[in-house]
Amino acid sequence: MSARHETSSDVPLVSPAAIRPPIPSGNMDTNPANLASAVVTHAFGQLPQYIDDARFRLLPYDMFRAFEPAHTLARTVRLTTPRTNLVLDTVVTSGLTGTEARQNARAYTAAVTLDRRPVPRIGRYWVYYRNNGPLICRIYFPGDLGSLHMAVHSLVLRPLAAGSHDVRVTVVRRAQGSPPARFVVRYLVRVLARGPSAAERASAPEEDARKPPSRTPLTFLDARQ
């Protein structure tokens, strides 16, 4: 699956070194599926914004955003962060089976720019996993949610240079019989000239810590509804 995003040959692209390759790693904590799942868990208030000794910051994602056919909705997120990896989910959808999750994902295309430069080969950042599957560790989902299959478009931006940056995400949803709907999120990021502080590292959950209780039940909705 690839985004419908065309660029001319003279448009500078984001350097491949700026984004971590979406290749499963031997470290369960930092494999793409686990990081994508962490953003979802953070969106439900079940994880803090820093994880793994603040080596990763989870960017905000609105699980309940709505798409309106023939309209473009927009949101701007402003944040300040130390120089650390930024985990960005652009689309989150789910299904009772892996096939259903992938089918639901086909309704969406995504385009991402970093400081006005498009991210090339954007379709390669889709990850597919089951919430209680072998790719997920130290993230727990109650009841039937554990067996839910996920399709998430997720990128990990490597530490950016100190200063101001503009990350723009454009998601298009297409449904049969309706005109396309667009949702645009701009992350205006101010990167500090330092790494994570002791307080930021301390805010990340310990590797052997139990998942904290939450009064907010985890719920996954098809964004097309």
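Here is a short report on the structure shown in this document. (Residues numbered from 1 in each chain as written. Predicted model: local features only at pLDDT ≥ 70, side-chain atom pairs only at ≥ 80, totals over all residues. Heavy atoms only, no water.)

**A few points about the pattern of salt bridges**
Scanning the entire structure with this criterion turns up two salt bridges. Among the ionic pairs, Asp166 bridges to Arg186, the shortest N-O distance being 2.4 Å. Highlighted residues: Asp166 in strand S9 (residues 163–173) and Arg186 in strand S10 (residues 181–191), separated in sequence by 20 residues. Across the pair Arg194 and Glu200 runs a salt bridge whose closest N-O atoms are separated by 3.0 Å. With a relative accessible area of 34%, Arg194 lands in the partly exposed category. (Salt bridge = Lys/Arg side-chain N within 4 Å of Asp/Glu carboxyl O. Helix = DSSP H or I, 4+ residues; strand = E, 2+ residues; numbered from the N terminus. Buried < 20%, exposed > 50% of the residue type's maximum accessible area, 1.4 Å probe, protein only.)

**Thoughts on the pairing of S9**
One ladder, built from seven bridges, connects strand S5 (residues 108–114) with S9; its direction is antiparallel. Counted as the bridge partner of Tyr108 is Arg173 from S9. As judged from the eleven bridges shared by S9 and S10, these two strands associate in the antiparallel manner. Considered in S10, the bridge of Val167 is made with Tyr187. (Pairing = 2+ DSSP bridges.)

**Description of the sheet that holds strand S7 (residues 126–130)**
Strand order in the open sheet formed by five strands is S1-S2-S4-S8-S7, with mixed pairing between adjacent strands. The open sheet has two free edges, formed respectively by strand S1 (50–51) and S7, since each of these has just one partner strand. Helix H1 (residues 32–43) contacts S1, strand S2 (56–58), strand S4 (85–95), S7 and strand S8 (149–157) of the sheet and is inclined by roughly 80 degrees relative to S7. Packing of helix H2 (residues 98–105) onto the sheet brings it into contact with S4, S7 and S8, and relative to S4 it is tilted by some 110 degrees. (Contact = heavy atoms within 4.5 Å. Axes fitted to C-alpha atoms, helices over the stretch in contact; angles between N-to-C directions.)

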